[in-house]
Amino acid sequence: MSKGYTGKFLDIDLTKEKIDEITIPETTLYQYFGGRGLAVKVLWDRLGKIWSKVDPLGPDNIFTLLTGPLTAIHPGARICVSGKSPLSNGTIGSTASSEFPVELKCSGYDGIFVTGKASKPVYLLITDNKAEIRDASHIWGKLGEDTIRILNAEVRKELTKRKPNVGLWRQPAMLYIGPAGENMIRTAAVMTKIAHAAGYGGYGAVMGSKNLKAVVAKGRGSLPDVAASKAMEIMLHEIHKRLISMDRMRRWGTGYAGWSFGAVTSSEPVRNWQEEWHDERSMSGVRYRTRFWVKPYWADFNCTRSCMKISCIKSGRWKGDITDMPDYELEAYCGTNLGIFDPEDNIHISALIDNQGMSGINGPNTMGFAAELYQRSILTKEDLGFELKWGDAESFTKLAWLIVNREKIGDVLAEGTYRAALKISEMKGIDVMPYAIHVKGVEIGAHGTRSNLDYAKDIAYAASVQGGDHTSTARDGYSGMVSVFMDSAVVCMFCVVQDLIWDFAKVVTGWDITMNKWCMEHGRRIVTLQRAQLLLGGPDVFWDPDKDDDNPPRFYEPLPTGPYKGRTTDKKVVEQKKREYYNTLGWDDRGIPKKETLESLDLKALERVMKRLRR
Amino acid sequence: MFVLSIYLKFSLLKFELVSYVLSNNWIVRDYIRCTGCRRCEIACSLRHEGCIWPEASRIRIFMPFPGLEVPHLCAQCDDYPCVKSCAVEALSIDSQTGAVIVEQDKCTSCGLCIKKCPGTVPFLHPETNKAIICDLCGGEPECVKVCAEAMYNALRYVKENVGVQKKLHSIDPYIIAKDLAVNLFGEKGERVI
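Predicted model only: the values in this text are computed from it and were never measured.

Trainee: Pulling in residues and values, what's your account of the overall build of chain B?
Mentor: When helices and strands are tallied, chain B shows six helices and eight strands. Helices and strands appear in chain B in the N-to-C order α-β-α-β-β-α-β-β-α-β-β-α-β-α. Burial analysis of chain B (193 residues in total) assigns 53% to the buried set. Put simply, 64% of the contacts in chain B that link residues at least 6 apart link residues at least 24 apart.

In structure tokens form, the structure reads like this:
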């Protein structure tokens, strides 16, 4: 058996209540690794022939939960959530830090494929070499923190009953959805550990469409064998030493970035990206640390980076709100992008969104979009039922509930920014697409391209197969493939030490994969397959490479304020770099994979459909 | 004066004698400092099992709610209720460290040591089904090393005399977590477990 893997996957059909154990050939594991890569491959094998007809929120879609060979063994355990995305209609690999993948692997499984739709709310319980479907009616509708509390107690009690004499049972680990996922909000996330989310892609809605409230795991086995255990141990120690030496990240996490990206690089979204600059000193690690962090060093399994911190509001109107830092993305999206510059309000909105189970980037992006429409009097008090002013945390709280409960205009906004923009343009007879900040349906992460000083530049989102995802951006072709590796080996990007990761992969799997080989072959294969799925799209929207492989119009407007006032993304550069990017990967000028590329990547089966897309 | 000095000397001698015989080395834990990285479990299982095996680690971090991380391991009680409870003499006390040593061959998996432990610390190995208790790695505990390396210092290895209430640290981790919840989250903490 391949090293680093348990060798078994669960294939669960919720309609038929059927649970099978399956294996995946070693050649497939070698080519695609796990996580994002394997999800893309399995989705193509099973749904490729009917791709454009598969409704992401219908029973045919496959919801995948996959680990990778490095998961839990390498510092920073993560789980990769995927399926056909209700936002992009392609496939997105979305990952979250959690103990869940550790428990899953210790239960004896590398991953889970879920199809069908349960007749009533259910949750999956995975224990040693066993899976079962259990009733979840009593937790349907519950917020994140209540779901954790109830399931932790219930499952622990059940496992203690089954094996009372082995000593104290620990709590299980779980992935779950909040009301946002249950109500199939397209920006719903798969949640874990109260504030961790697999946000991009809208897979919380996919879980909701299957009536699947949670997946809970508790395994008592060991992690799988590795190819060279002594070498692994030595390398593990070395990686930890390097992580521990990175002091700034350990102290602040990404929490300091609310100042540095806002005031310094001028690339933080402010009021739905109308600006990308602010100089509010509150939005930095200092105030969060001193007033709100109750746990200044918090980590997930096998992580000494501890970039996570826990915030808690202990007084005032938002008393009792608990969330993580919030990290930079939520500082921006639940803060500055809504015109909120007060850490307390920022933590409140973040905690609320986490609890509801919305993606903290994608959901609030739509909220910012709505607020700009209100500013422009396109949406009115009648549409919302209240006034929606920038910076007013109270009304944004109301708006979040409107979306999650699909009430009034919330029902339209629940479809995500792009689909909401289509609908509102039609409703109001005004083109509101210039205010929708997305690429191919995926709301853009909080790193602007206009100042050209952040890591995300020109084609970062426009050419990416994951749309607006800021964790896997397009650059010059091959360099972006390292992100694909981290999503497929399923490790945390913040725990990866670049010069050690490839050797670590080798000592775990025994496969001789160098960075060059991964980028030129494995990564390119995964991204090419993802590109094909994105281009096929459907059933509700389809992407036109000539029109949609582009930034939102706002990214071409000059920055109105700040030290880089006047700067903007150069459209000519985008066009040129996009072509270079496509050509590097062996795609034609419009980004359709060429025949010879498909042949060289063992993707010949794609040729039939790609041929139709070429001119 | 003479009598007093003799007495002092004597008591000093006695004290040293007692402390030599009855002092325990133990691992002090600071729940608030634990980050939940569980590298201690990885280090422990790598040493004792030769692989990463969280549920076979002698130290286990209980996390009943995110943020509440409770290291749970033997506190080296002065009176060793687990050793006393064992009907087949599978448990003994290490003469150097004072740690409880489990003799695998003798253990009958009866679970008496688990029941008698005030903190329900011992548990049965997921595969061999034999009792598992921290052996302090012969005096150089791996869990403490990795915790110190990361500068968390949630675990520290100390040598202390009898009567330092070590036993009070042998307590149900869920009780500790409930207190910890209020410490961290205030009133809200009353409702998270």
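Trainee: How would you explain the overall build of chain A if you had to name every residue and give the values?
Mentor: Along chain A, the regular secondary structure elements total 24 helices and 17 strands. Computed over C-alpha atoms, the radius of gyration of chain A comes to 23 Å, within 12% of the 25 Å expected from 2.2 N^0.38 for 615 residues, which places it in the range of a compact globule. Judged by the C-alpha coordinates and their principal axes, chain A covers about 60 × 60 × 50 Å. For chain A, buried positions account for 68% of its 615 residues. Intrachain contacts of chain A at a sequence separation of at least 6 include 70% that bridge at least 24 residues.

Trainee: Give me the pattern of salt bridges: which residues, what numbers.
Mentor: Side chains that differ in charge, positive against negative, can pair when their charged atoms come close. Scanning the model with the defined rule gives 62 salt bridges over all chains in all. Residue A:Arg531 is joined to A:Asp549 by a salt bridge in which the shortest nitrogen-to-oxygen separation is 2.6 Å. With A:Arg531 in helix H20 (residues 515-536) and A:Asp549 in the loop between helix H21 (545-548) and helix H22 (571-584), this pair connects stretches of sequence that are 18 residues apart. Judged by relative accessible area, A:Arg531 falls into the buried class, the value being 0%. When salt bridges with common partners are traced through the structure, they connect A:Glu103, A:Arg170, A:Lys218, B:Arg38, B:Glu41, B:Glu55 and B:Arg60 into a single cluster.

Trainee: Give me the lowdown on the nonpolar core, citing residues and values where you can.
Mentor: In terms of nonpolar packing, the biggest core is built from 204 residues, with A:Met232, A:Phe369, A:Leu399, A:Phe485, A:Phe504, A:Trp518 and B:Phe185 touching the most fellow members. B:Phe185 has contacts with A:Val294, A:Ile310, A:Cys312, A:Lys314, A:Ile322, B:Phe65, B:Pro66, B:Leu68 and B:Val192, leaving out every residue within four places of it along the chain. If you look at the next biggest cluster of nonpolar residues, it comprises 50 residues, including A:Leu57, A:Val122, A:Ala198 and A:Phe261.

Trainee: Give a description of the packing of aromatic side chains that names residues and reports values.
Mentor: Tallied over the full model, the rule gives 19 aromatic pairs over all chains. Summarising the aromatic geometry, the rings of A:Tyr582 and A:Trp587 are spaced 5.7 Å apart at their centres and angled 35° between planes, so their arrangement reads as tilted. Plain terms: the ring middles of B:Phe62 and B:Tyr174 are 5.7 Å apart, the flat faces sit at 85° to each other, and that makes the pair edge-to-face. Here B:Tyr174 lies in helix H6 (residues 173-185) and B:Phe62 lies in strand S2 (residues 60-65), a separation of 112 residues in the sequence. The same class applies to B:Phe62 as to B:Tyr174, namely buried. A connected cluster of aromatic rings, assembled from ring pairs, spans A:Tyr5, A:Tyr30, A:Phe33, A:Phe485, A:Trp502, A:Trp511 and A:Trp518. The side chain of A:Lys8 reaches across the aromatic face of A:Tyr109, ending 4.9 Å from its centre.

Trainee: Which residues make up the sheet that holds strand S15 (residues 322-323) of chain A, and what values do they have?
Mentor: All names here are of chain A. The sheet built from three strands is open, its strands ordered S13-S14-S15 with antiparallel pairing. A single partner strand is all that each edge strand has here, and the edge strands are strand S13 (293-298) and S15. With three bridges connecting them, S13 and strand S14 (residues 308-312) associate as antiparallel partners. When the bridges of S14 are listed, Trp-298 appears paired with Met-308.

Trainee: Explain the packing of helix H2 (residues 39-49) of chain B against helix H5 (residues 142-149) of chain B to me, and be specific about the residues and the numbers.
Mentor: All names here are of chain B. Running from amino to carboxyl end, H2 crosses H5 at an angle of 145°, the nearest separation of the two axes being 8 Å. Judged by the sense of rotation from one axis to the other, the crossing of H2 with H5 is right-handed. Two secondary-structure elements touch here, H2 through Arg-39, Cys-40, Ala-43 and Arg-47 and H5 through Glu-142, Cys-143, Val-146 and Glu-149. Its residues placed into classes, the contact of H2 with H5 shows four nonpolar, no polar and four charged.

Trainee: Can you break down the interface of chain A and chain B residue by residue, with the values?
Mentor: Contact residues are listed per partner, giving 50 residues for chain A and 51 residues for chain B. Here chain A and chain B share an interface that buries about 4,100 Å² over both sides, 58% of which is from carbon and sulfur atoms. Together, A:Leu168, A:Arg170 and A:Arg220 form the three largest contributors to the area buried by chain A at its contact with chain B, with a combined 20%. On inspection of chain A and its partner chain B, the count reaches six salt bridges. In this structure, the salt-bridge partner of A:Glu145 is B:Lys188, at a minimum N-O distance of 2.9 Å.

Trainee: Can you lay out the pairing of strand S5 (residues 94-97) of chain A for me, pointing to particular residues and giving the numbers?
Mentor: Residue and element names in this part refer to chain A. Of the two faces of S5, the one carrying Ser-94 and Ala-96 and the one carrying Thr-95 and Ser-97 are both buried. Relative to S5, strand S4 (residues 78-82) runs antiparallel, the two being bridged by four bridges. Within S5, the residue paired with Arg-78 across the bridge is Ser-97.

Trainee: So what's going on with the sheet that holds S4(A)? Residues and values would help.
Mentor: Residue and element names in this part refer to chain A. With mixed pairing, the six strands of this open sheet are ordered in space as S2-S1-S6-S3-S4-S5. Edge strands, defined here as strands with exactly one partner in the open sheet, are strand S2 (18-22) and S5. Neighbour-to-neighbour, the strand axes of this sheet turn through a mean angle of 20°, independent of strand direction. Where strand S3 (residues 63-66) meets strand S6 (residues 111-115), four bridges bridge the pair, whose relative direction is antiparallel. Following the sheet pairing, Leu-66 is matched in S6 by Gly-111.

Trainee: Got a sec to walk through the packing of helix H12 (residues 343-356) of chain A against helix H15 (residues 393-404) of chain A? Specific residues and values, please.
Mentor: All names here are of chain A. Axis separation between H12 and H15 bottoms out at 10 Å; the angle between their running directions is 10°. Of the possible angle classes, the one that applies to H12 and H15 is roughly parallel. Side by side, H12 and H15 meet where Asp-345, His-348, Ile-349, Leu-352, Ile-353 and Gln-356 of the first sit next to Ala-393, Phe-396, Thr-397, Ala-400, Trp-401 and Val-404 of the second. Counted by class, the contact of H12 with H15 contains eight nonpolar, three polar and one charged residues.

Trainee: Can you explain the pairing of strand S1 (residues 9-13) of chain A? Please cite residues and give values.
Mentor: Residues and elements named next belong to chain A. By the criterion of burial, S1 is predominantly enclosed, with five of the five residues buried. Residues Phe-9, Asp-11 and Asp-13 point to one face of S1 and Leu-10 and Ile-12 to the other, with burial holding for every one of them. Judged from the five bridges that link them, S1 and S6 form a sheet pairing that is parallel. Residue pairing across strands places Ile-12 opposite Val-114, the latter belonging to S6. Linkage of S1 to S2, two consecutive antiparallel strands, is achieved through a turn of four residues, within which Glu-17 is found at a positive phi near 50°.

Trainee: Mind laying out the environment of A:Val439, listing which residues take part and the relevant values?
Mentor: All names here are of chain A. Within the secondary structure, Val-439 sits in strand S16 (residues 438-439). A relative accessible area of 1% places Val-439 in the buried class. A sequence separation of 351 residues divides Val-439 from Ser-88, and the C-alpha atoms of the two residues are 8.6 Å apart. If we ignore the near neighbours within four places in the chain, the residues touching Val-439 are Ile-444, Tyr-461, Ala-462, Gly-467, Gly-468, Asp-548, Asp-550, Asn-551 and Pro-552.

Thresholds applied
Residues numbered from 1 in each chain as written. Chains lettered and ligands numbered in written order. Predicted model: local features only at pLDDT ≥ 70, side-chain atom pairs only at ≥ 80, totals over all residues. Heavy atoms only, no water. Helix = DSSP H or I, 4+ residues; strand = E, 2+ residues; numbered from the N terminus. Buried < 20%, exposed > 50% of the residue type's maximum accessible area, 1.4 Å probe, protein only. Contact = heavy atoms within 4.5 Å. Rg over C-alpha atoms; globule rule 2.2 N^0.38 Å. Salt bridge = Lys/Arg side-chain N within 4 Å of Asp/Glu carboxyl O. Core = buried A, V, L, I, M, F, W, Y, C linked by side-chain atoms within 4.5 Å. Phe/Tyr/Trp six-rings, centres within 6.5 Å; stacked < 30°, edge-to-face > 60°. Lys NZ or Arg CZ within 6 Å of the ring centre and 35° of its normal. Pairing = 2+ DSSP bridges. Axes fitted to C-alpha atoms, helices over the stretch in contact; angles between N-to-C directions. Left-handed = near helix turned anticlockwise from the far one by under 90°. Nonpolar A, V, L, I, M, F, W, Y, C, P; charged D, E, K, R; others polar. Buried area = accessible area lost by both parts, 1.4 Å probe. Parallel < 35°, antiparallel > 145°, perpendicular 65-115°, else oblique.

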